[in-house]
Amino acid sequence: MPNRIEASPHDHLQTESRRWWETNPMSYDWHKTLQAQEGTLEFFQGIDSRFFASSSFYSGNRPFEKWIPFDTLKDKRVLEIGCGLGAHAQLLSEAGCNLTCIDLTEKAVATTKQRLELSGLTADIRRMDAEKLDFADGEFDFVWSWGVIHHSADTERIIREVCRVLKPGGEFRVMVYHRRSLNGLYCLVRGLFTGKFFKGMSASDVLSFYTDGYLARYYTRRELRELVTRSGFSHVETRVLGQKSELLPLPGKGASGHVKQVFLRILPDALAECALSVAGNFLFAIARKNAQER
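Residues numbered from 1 in each chain as written. Predicted model: local features only at pLDDT ≥ 70, side-chain atom pairs only at ≥ 80, totals over all residues. Heavy atoms only, no water.

### Side note on helix H9 (residues 254-266)
- Here H9 is 13 residues long and its end C-alpha atoms lie 19 Å apart, about the 18 Å a rise of 1.5 Å per residue gives.
- All buried positions along H9 are accounted for by Gly257, Lys260 and Leu264. What you see down the axis of H9 is that its buried residues fit within an arc of 60 degrees, all on one side. Facing away from the buried side of H9 by over 90 degrees, the exposed positions are Ala255, His258, Arg265 and Ile266. (Helix = DSSP H or I, 4+ residues; strand = E, 2+ residues; numbered from the N terminus. Expected span 1.5 Å × (residues − 1). Buried < 20%, exposed > 50% of the residue type's maximum accessible area, 1.4 Å probe, protein only. Arc of directions from axis to C-beta.)

Here you go:
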């Protein structure tokens, strides 16, 4: 089997990635059990509830307050790359920033606009490829992206573009997938037992094959730091995060799903966070642009 990441031309990868996300938006309704009609206030509340409850790392007076500096963003120019169905866009808009959201898909743009309108919130929401940002140099104070840029054909190009559109001293906070994670190990073991490696697939191919999206890239902490600094940032901090469900790789339906839910309920959050801070599937980085840059 050919390497589907490296054997395909860039434009084909980006086209297929966009097509995949147009038809598979991230709703967290894995088993189609959400009863609310899509696009209603109840629908957005339902998917947010599932999303924010999936990890104690997201908890606080406001979801994601450990990772998004809400109190410093009022009236600041903020860019979100990959708004999806708008969960983070709503949190950012509620913080009072001057928010711009972009996404590769029309579905995400339309849905996020609808969500914010229902909540009486505003943002400039556009369909745009993050590899080619249509913004001036130094336009934003803060850029946020959660689980998006590793699905693009050229992740490094996005990070260079982010550095370009940030003001000197601006900050980029981003999550990508963590290669040295339990989930990554599960994927590689699954690939071994299903013969993927014997069909010519590399470890990167196997990780991508078993992950959401048309393609997905995984990074070690060192690889991400090097990628970000190579793209123009002067300072990078990384953390490993994850969701409790990663700790027990069982299907979420049927008897195994019941066992998994019982396990997740009784597992203390502190213990889960301890394990996930080393082997979680999410690699989170805070990158700062040199304040002296002109």
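### A word on the environment of Tyr219
- Relative to the helices and strands, Tyr219 resides in strand E6 (residues 218-219).
- Residues Tyr219 and Ser181, spaced 38 residues apart in sequence, show a C-alpha to C-alpha distance of 9.9 Å.
- What Tyr219 contacts, discounting residues up to four positions off in sequence, is His150, Thr155, Val176, Tyr177, His178, Arg179, Leu224, Leu227 and Leu283. (Contact = heavy atoms within 4.5 Å.)

### With respect to the pairing of strand E4 (residues 140-146)
- Within E4, six of the seven residues are buried, which leaves it mostly tucked inside the rest of the structure.
- Two strands pair when backbone bridges link them, and strand E1 (residues 77-81) and E4 are joined in this way by three bridges, in the parallel orientation. Considered in E4, the bridge of Glu80 is made with Trp144.
- Sheet analysis places E4 next to strand E5 (residues 166-178), joined by six bridges and oriented parallel. Directly across from Trp146, in E5, lies its bridge partner Met175.
- In the classification by handedness, the crossover that spans E4, the intervening helix H5 (residues 155-165) and the parallel E5 is right-handed. (Pairing = 2+ DSSP bridges. Right-handed = clockwise from strand over helix to strand, strands pointing away.)

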